[in-house]
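# Understanding the architecture of this molecule
Chain by chain, the residues run as shown.
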Amino acid sequence: MSSTSRAGAVAARRKVAVVGGGVIGLSVAWRAAAAGHPVTVVDPRPGYGASWVAGGMLAPVTEAWPGEEESLRLGEESLRRWPEFARALATDGGDPGLSTEGTVVVALDRGDAGQLTVLADYLASVGRTVEQITSRRLRAVEPGLAGAVRGGLLVPGDLAVDNRKLLRSLHAAAARHGVEFVERKAEAIESGVVTTGSGTVECDVVVVAAGAHSGRLHPALAGAVRPLKGEILRLRARRTSLPPPSRTVRAVVEGRPVYLVPRAGGELVLGATQYEAGFDESVTAGGVRELLDSAERIFPGIAEFELVETAAGLRAASVDTMPFIGELAPGVLAATGHHRNGLLMAPVTADAVVAFLAGEKPPEGVEAAEPARLDRHRDEGQ
C-alpha cells in the first residue's frame, strides 16, 4: 500500500459506538472493527437479550407472506451472505453452529393446508419455488411427524443457526478485533455521544442496535420500534424417547404458528408465541401450554422429552415489518427493528453499516430499509 493509500485508510477510520450487544450489535461491531474502525459496544449484558432466546431459523422463504416483498428480498440477500459470514466468524471467534438441513412446513387440517397453498402460490408468483409434498412423503422425510399431518412444503434452501453459539462466537470475534465493551445501560443517544447512567461514551458515529429498546433511545424511533413478546421452550431428548427432527419443522396448528428447531446433543428449541405485552418478559403458563400442545400434535414424541428451559424475549417490531438500516440523523445510524428476522439479517445489516461508514453503497435491498421512510409513515398517519 502506498503512503497516500495508507493516509486515506487512516483518515477513513471513524470511532464507532454501537448501542446494543445482541446479534445485530455484535455483528456490526465485529465487521466494523475488522474493517479498521475503533469500536465500543454499550450494553449492560452483551450477548443476551432477545437474541439469546431466538429460535435460530434463517428462513426468508418460509417467513414470506403477501405484501412483504421488500422484506423477502432483503432476507434473501442476507441469506446469500450467511455461508461466508459463518466461515469468517468460525475463523475469528468460533463455530456458530450453522445448519444446512433445510425446513419442512406442515399442516394439520384442511384450513392449515389451505394457508400453505396460499404461501406456495405466492412464492411462485414472485419467482420462488418450494415443493409441496404429501403426508406420506413428509413422514418419510421426518419419521417422527404425527400421522394426522395432511401435507406440507419442503424448503431445502433454508438455513438455521445455533443462536447461543453464534452470540458467543460474535463476542469472541469482536474482542479479537479490539472492540471495547462498556457494560452499562444507554439512556440517550445524540450525534457523537451515548449517555449512560454513569457517564458518556464519545464517538464519531453512533449505531442504534438496541432492539426493542431502540425507540426509547432516540426521538426519531419513538413509536417506530416497539417490543413484541415471544416465548420459547428448550427441550432435550431422553434415552428412551425418539430423537428430535433432523431439520427445522414449522407448522400451522389451527392458525397458530409453531416451530421446532433441532440443536446438537439431542436438544430442541420450540417456539414461538407472539403478542403485544409491552416490556414484560415473564413466561406465562398459557404460553407454555400453547406451545407444548401445538408441538405435540405435530411431533407426538416431544411429550417424552425433558423440559430444560422456558424463556421469553422481546422482538424489535417495526411499523411495517421492515428494519431500519441507515442514517437516522447526522452522526447516528440505525440498525434495528428487525422483527422476527434479526438473526437472518445480521450479515446484510452489518455489511450495510460498514458500507455507510466508508461512504459506499450498501448491499442490494437495503434502500427499502432506510429510516427516511419514517417521514412517509408519519404523514400517512396524520
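The structure reproduced in this document is the subject of the present report. It should be emphasised that the depicted structure is a prediction, and the values quoted were computed from it without experimental measurement. (Residues numbered from 1 in each chain as written. Predicted model: local features only at pLDDT ≥ 70, side-chain atom pairs only at ≥ 80, totals over all residues. Heavy atoms only, no water.)

For helix 9 (residues 346-358), which comprises 13 residues, the first-to-last C-alpha distance of 19 Å matches the rise-based estimate of 18 Å (1.5 Å per residue) to within 8%. Along its buried surface, helix 9 packs onto strand 1 (16-19), helix 2 (23-34), helix 4 (69-92), strand 13 (205-208), strand 19 (324-329) and strand 20 (332-336). (Helix = DSSP H or I, 4+ residues; strand = E, 2+ residues; numbered from the N terminus. Expected span 1.5 Å × (residues − 1). Contact = heavy atoms within 4.5 Å.)

Take the packing of aromatic side chains next. Within this structure, the stated rule accounts for 3 aromatic pairs. Residues Trp30 and Phe85 carry aromatic rings whose centres are separated by 5.2 Å and whose planes lie at 75° to one another, so their mutual orientation is edge-to-face. With Trp30 in helix 2 and Phe85 in helix 4, this residue pair connects regions lying 55 residues apart in the sequence. Ring centres of Trp82 and Phe85 lie 5.0 Å apart, and the angle between their planes is 70°; this geometry places the pair in the edge-to-face category. Remark: Phe85 and Trp82 occur in helix 4; sequence separation between them is 3 residues, near one turn of the helix. We classify Trp82 as buried; its relative accessible area is 0%. Among the aromatic side chains, those forming a connected cluster through ring pairs are Trp30, Trp82 and Phe85. Seen from the ring of Trp30, Arg31 lies directly overhead, with NZ or CZ sitting 4.8 Å from the centre. Arg45 extends its terminal NZ or CZ atom over the ring of Tyr48, reaching a point 3.9 Å from the ring centre. (Phe/Tyr/Trp six-rings, centres within 6.5 Å; stacked < 30°, edge-to-face > 60°. Buried < 20%, exposed > 50% of the residue type's maximum accessible area, 1.4 Å probe, protein only. Lys NZ or Arg CZ within 6 Å of the ring centre and 35° of its normal.)

Before going further, it helps to examine unusual backbone geometry. Omega for the bond connecting Gly271 with Ala272 falls within 30 degrees of zero, at -10°, which places this linkage in the cis form. Take Ala272: it is sitting in the loop between strand 17 (267-271) and helix 8 (285-298). Positive phi, normally seen in glycine, also occurs at Thr321, with a value near 75°. Structurally, Thr321 is set in the loop between strand 18 (306-318) and strand 19. Phi at His339 is positive, roughly 55°, even though this residue is not glycine. Relative to the assigned elements, His339 resides in the loop between strand 20 and helix 9.

Tallied over the entire structure, the rule returns 1 cavity of 30 Å³ or more. One number sums up the size of the largest cavity: a volume of about 90 Å³. Considering the residues around the largest cavity, the lining is formed by 13 residues, among which Glu63, Glu68, Ser71, Arg340 and Asn341 are closest to the centre. Contributions of two or more residues to the lining of the largest cavity are made by helix 3 (60-63) and helix 4. Ranked by residues supplied to the lining of the largest cavity, first place goes to helix 4 with 3 residues. Each residue belonging to the lining of the largest cavity can be placed in one class, and the counts come to 5 nonpolar, 5 polar and 3 charged. (1 Å grid on protein atoms, 1.4 Å probe; cavity = no way out; pocket = protein on both sides within 12 Å on 5 of 7 lines; lining within 4 Å. Points joined across faces, edges and corners; volume = space filled by probe spheres on them. Nonpolar A, V, L, I, M, F, W, Y, C, P; charged D, E, K, R; others polar.)

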